[in-house]
Amino acid sequence: AAQSGARHFDADISALDKAPRHIEAEFSFPYLAHAPMEPLNCTVQMSETGEAGADLYLGTQFAGVDGMAAARVLGLKPEQVRVHVQMAGGGFGRRGVGTSDYVVEACQVALAARRAGLNAPVRMVWSREDDIKGGYYRPMHLHRARIGFDERGKVLGWDHAIVGQSITAGTMFEGGMIKNGIDATAVEGMREPYPLPMRLTVHHPKVNVPVLWWRSVGSTHTAFVMETLIDEIARSSRQDPVAYRMQMFGDKHPRHRLALQLAVDKSGYGKRQLRAGRAWGVAVHESFDTVVAYVVEASVKDGRPVLHKATAGVHCNLAVNPRTIEAQVQGAALMGLSMCLPGAAITLKDGVVEQSNFGDFAVPRITDMPEIAVHVVPSAEPPTGMGEPGLPPLAPAFANAVAQLTGKPVRKLPFDLA
């Protein structure tokens, strides 16, 4: 497939091969469906008399884009289309698609019904099978890393490559998001906040699979790679993973330090004895200007990873509504957990998606949900994003606990412990 590639960071990594210790790692991430509990739907009511117009009722993340798409299909001016935004039963990016695919389909059906003489509202609801088989998906990604470091865990060189489809190519965001051939969403979360001499190369293959942002966008894969590798370096140099991160933050990343310390303090990490067969896992990541740290407790039972507890430390500056923050982190943690469980992958055979419903595309059940506690760092600074940042660090924290138990780093999502 055709590719575009360019350097994002270009650090001196000449010391990599001469370093006394090395890690070579390859990570793979599958396509993922958004799978909202409420399938995609839209109700269209065209004016019956008088001035032409239409009313749309739907849950949407792109009300303006969807309204203009409806106007094009219905032959109306944009100002003649009134979009009534409803509470969405989940979106996670799928209700913010530039093609407005499900809105366009609903309007086409409504227009055909009008032409056939039916003057009534038309409601279109996709089936679960339509929703999972019909695209769009979180892109498949491959990461390869070569890291050289010394006995104290100081990274001397880090050579990193990412391969994955661009989610903004061909969209209204391409002009602002793709620079030097690199989709900025593919690399968000790489390197920072750690002072690493990293050379990063990105390749965007052109694949005939429709792709879209998925809750927390690029951080769905970059956080996992960064936080599991940082943990692996700490283990290899026999350092506590929390202390290692704190030392790497230095005095330049106080929000990361405060979020992680809060999660550590509230979880009892390092002070409380865990049950036999359980291990701690730690991860911290910034996305959408908010830092979230997790300290988790996990075990492996009959070859299956089990997440028991998750303690979150959140630094989103001023907490306008703490209960909303708690709800967002709980939901994001559950969605982050969904990436880890067996069966959480979209696969294709002969160009057709193989999964069709929750029987073959796994989502967490209530029995999978861990005990979760959310704590917010006090701050009076202007508030930052909260809808997505709770997702990225959950999977790597879980994976780091599993690695402590099995002695093997987790390189693949969903987890494959075979």
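Caption draft 1: Up close: the overall build of the chain. Across its full length, the chain holds 10 helices and 17 strands. Computed over the C-alpha atoms, the radius of gyration of the chain is 23 Å, within 12% of the 22 Å expected from 2.2 N^0.38 for a compact globule of 418 residues. Within the chain, the fraction of its 418 residues that count as buried is 53%. Pairs at least 24 apart in sequence give 76% of the contacts found in the chain among residues at least 6 apart. Accessible area for the chain stands at about 18,700 Å²; split by element, carbon and sulfur atoms hold 52% of it. Here the chain contributes 43 positive and 42 negative side-chain charges, whose respective centroids are spaced 4 Å apart.

Caption draft 2: Quick peek at the sheet that holds strand 13 (residues 290–301). Taken in spatial order, the four strands line up as 12-13-14-17 in an open sheet, and their pairing is mixed. Across the chains shown, the open sheet's two edge strands, defined by having one partner strand only, are strand 12 (278–287) and strand 17 (371–376). In this sheet, neighbouring strand axes are inclined to one another by 20 degrees on average, regardless of whether the strands run parallel or antiparallel. Of the pairings in the sheet, the one linking strand 14 (residues 304–315) to strand 17 comprises six bridges and is parallel in character. Residue pairing across strands places A312 opposite V374, the latter belonging to strand 17.

Caption draft 3: How the structure looks around the packing of aromatic side chains. Counted under the stated rule, the structure contains eight aromatic pairs. Here the aromatic residues F27, F29 and F224 are joined through ring pairs into a cluster of three or more. Taking the ring centre of F9 as reference, the NZ or CZ of R191 above it sits at 3.9 Å.

Caption draft 4: Up close: helix 1 (residues 63–74). Taking 1.5 Å as the rise per residue, helix 1 with 12 residues should run 16 Å; its terminal C-alpha atoms sit 16 Å apart, in good agreement. Within helix 1 the residues assigned to the buried category are V65, D66, G67, A69, A70, A71 and L74. Turning to helix 1, the residues buried within the fold contact strand 3 (41–46), strand 4 (54–58), strand 5 (81–85) and helix 2 (101–115). One or two positions beyond helix 1, positive phi appears at G75, with a value near 70 degrees.

Caption draft 5: Expanded view of helix 6 (residues 219–236). Taking 1.5 Å per residue, 18 residues should reach 26 Å; helix 6 reaches 25 Å between its end C-alpha atoms and fits that length. The buried fraction of helix 6 amounts to 16 of the 18 residues, a majority that puts the element mostly inside the structure. Backbone geometry just downstream of helix 6 places R238 in the positive-phi region, at approximately 55 degrees.

Caption draft 6: Looking closely at a negative patch on the surface. A cluster of acidic residues, E105, E129, D130 and D360, forms a negative patch at the surface. By the secondary structure assignment, E105 is in helix 2. Residue E105 is classed as partly exposed on the basis of its relative accessible area, which comes to 34%.

Calculation criteria
Residues numbered from 1 in each chain as written. Predicted model: local features only at pLDDT ≥ 70, side-chain atom pairs only at ≥ 80, totals over all residues. Heavy atoms only, no water. Helix = DSSP H or I, 4+ residues; strand = E, 2+ residues; numbered from the N terminus. Rg over C-alpha atoms; globule rule 2.2 N^0.38 Å. Buried < 20%, exposed > 50% of the residue type's maximum accessible area, 1.4 Å probe, protein only. Contact = heavy atoms within 4.5 Å. Areas by Shrake-Rupley, 256 points an atom, 1.4 Å probe, with all protein chains shown as cover. Lys, Arg positive; Asp, Glu negative; His and termini not counted. Charge placed at Lys NZ, Arg CZ, Asp CG, Glu CD. Pairing = 2+ DSSP bridges. Axes fitted to C-alpha atoms, helices over the stretch in contact; angles between N-to-C directions. Phe/Tyr/Trp six-rings, centres within 6.5 Å; stacked < 30°, edge-to-face > 60°. Lys NZ or Arg CZ within 6 Å of the ring centre and 35° of its normal. Expected span 1.5 Å × (residues − 1). Patch = residues over 30% accessible without salt bridge, like charges linked within 9 Å, V, L, I, M, F, W, Y side chains within 5 Å. Salt bridge = Lys/Arg side-chain N within 4 Å of Asp/Glu carboxyl O.

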